[in-house]
Amino acid sequence: MSEVDRNLASLDLGNSTCRMGFYDRGDIREEVSETTESFIDNPKKLINKLSTLPRSIAYCSVSPSAENALIKWNKRCQTELFNLNIHSCGDFPITYPETSEIGQDRIANSYAVHKTCQLPAIVIDVGTATTFDVVSEKDGYEGGVIAPGPQGFLDFLHQNTALLPKVSILTQPPSSPIGKKTSEAMLIGTHLGFAPMVMGILSRLVETIRQREQKVPSVILAGGAAHHLELPSCSHRPFLTLEGVALAFLEKNVTR
């Protein structure tokens, strides 16, 4: 076996981006990504970015079209596929009443935290949406909060106004809080407004859990857009979703 275990790859099929990497002794290596639109058109484009074709792919999906493209590709390649969902998460407890509504990425995040972190915990995943998930030892996945991701604020302004342009959150905002053109003003509004929104939601969740559990919950920050946040006393795990699907796959194969 080489330095990186290339038998198992983790795949997160998101609304905007598909991310993939090899899982190796608790770490994600060779992380690669493509837009979801590109993956739907040709899954091979993303998978070929890896150094070799994995024997198994553990994945979660919030994009039915991307998942269908993966399954169609796999009929030709015969790689073992494992989908993490409410029925395949082993002994991980879920006390959320409407289990069919839980996104698979939220299950993956919560699964990883439940297996590897001090509990109770709050997972904040920043992507197309910003999700806050509460995980405890006994109750496992309890539920949480869903808010827009930073790009969502910009897209809302563009799509619901006649004159505001389309702006990418990846664009560097100006150092001054006074925008000198429309795109700058939109970026400033998003960058200055997003973090206080997150902190407001987080502080309410922390206080609720602290009163109930008599302890302060761990806070884990995940997701591709997490670099837009600077939160005090949190652990940054950008590959948490990929870790979660891999851990679930490994537990299933060890116990079966």
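From a predicted model like this one, the values you see are computed outputs, not experimental measurements.

The rules behind each value
- Residues numbered from 1 in each chain as written.
- Predicted model: local features only at pLDDT ≥ 70, side-chain atom pairs only at ≥ 80, totals over all residues.
- Heavy atoms only, no water.
- Helix = DSSP H or I, 4+ residues; strand = E, 2+ residues; numbered from the N terminus.
- Buried < 20%, exposed > 50% of the residue type's maximum accessible area, 1.4 Å probe, protein only.
- Expected span 1.5 Å × (residues − 1).
- Salt bridge = Lys/Arg side-chain N within 4 Å of Asp/Glu carboxyl O.
- Phe/Tyr/Trp six-rings, centres within 6.5 Å; stacked < 30°, edge-to-face > 60°.
- Arc of directions from axis to C-beta.
- Contact = heavy atoms within 4.5 Å.
- Pairing = 2+ DSSP bridges.
- Axes fitted to C-alpha atoms, helices over the stretch in contact; angles between N-to-C directions.
- Patch = residues over 30% accessible without salt bridge, like charges linked within 9 Å, V, L, I, M, F, W, Y side chains within 5 Å.
- Areas by Shrake-Rupley, 256 points an atom, 1.4 Å probe, with all protein chains shown as cover.
- Lys, Arg positive; Asp, Glu negative; His and termini not counted.
- Charge placed at Lys NZ, Arg CZ, Asp CG, Glu CD.

A. Inspection of the overall build of the protein at higher detail. Helices and strands together make up the secondary structure of the protein, namely 7 helices and 10 strands. Oriented by its inertia axes, the alpha-carbon framework of the protein measures out at about 55 × 50 × 35 Å. Burial analysis of the protein (256 residues in total) assigns 46% to the buried set.

B. Local environment of helix α4 (residues 104-116). With 13 residues, α4 extends 18 Å between its outermost C-alpha atoms, agreeing within 8% with the 18 Å of an ideal straight helix rising 1.5 Å per residue. For α4, the buried fraction is high: 10 of the 13 residues fall into the buried class. Within α4, burial applies to Gln104, Arg106, Ile107, Ala108, Asn109, Ser110, Tyr111, Ala112, Val113 and His114.

C. Local environment of the pattern of salt bridges. Applying the stated criterion across every chain yields a total of 13 salt bridges. One salt bridge connects Glu243 with Arg237, and the closest N-O pair in it is separated by 2.4 Å. In this pair, the class of Glu243 matches that of Arg237, namely buried. Among the ionic contacts, a cluster of salt bridges with common partners joins Asp24, Arg25, Asp27 and Arg29.

D. Focus on the packing of aromatic side chains. Summed over the entire model, instances satisfying the criterion amount to 4 aromatic pairs. Where Phe92 meets Tyr111, the ring centres are 5.7 Å apart and the plane angle is 65°; that geometry is what we call edge-to-face. Taken as a pair, Phe92 in the loop between β5 (80-83) and α4 and Tyr111 in helix α4 lie far apart in primary sequence, 19 residues in all. The exposure class of Phe92 is buried, given its relative accessible area of 5%.

E. Local environment of helix α5 (residues 150-159). Residues Pro150, Leu154 and Asp155 constitute the buried set of α5. Around the axis of α5, the buried residues are gathered within 130° of arc, so they sit on the same side. Residues Phe156 and Gln159 are exposed on α5 and point more than 90 degrees away from its buried face. Tucked inside the fold, the buried residues of α5 contact β6 (121-126), β7 (129-136), β8 (140-148) and α6 (182-213).

F. Summary view of the pairing of strand β4 (residues 56-61). β4 sits mainly inside the fold: 6 of its 6 residues count as buried. Side chains of β4 alternate between two faces, with Ser56, Ala58 and Cys60 and Ile57, Tyr59 and Ser61 buried alike. Looking at chain direction, strand β1 (residues 8-13) and β4 are connected through 6 bridges and run parallel. When the bridges of β4 are listed, Leu11 appears paired with Tyr59. Across 4 bridges, the pairing between β4 and β5 is parallel. Residue pairing for β5: Tyr59 is matched across the bridge by Asn83.

G. Inspection of the sheet that holds β5 at higher detail. The strand order across the open sheet built from 5 strands is β3-β2-β1-β4-β5, with neighbouring strands paired in mixed fashion. Since the sheet does not close on itself, it has two edges, and those belong to β3 (27-35) and β5, each with one partner. In this sheet, adjacent strand axes meet at a mean angle of 20° when their direction is disregarded. Across 5 bridges, the pairing between β1 and strand β2 (residues 17-24) is antiparallel.

H. Looking closely at a positive patch on the surface. On the surface, Lys44, Lys72, Lys75 and Arg76 cluster together to form a positively charged patch. As for its position among the elements, Lys44 is in helix α2 (residues 43-47).

Function-wise, these values are silent; they only describe arrangement.
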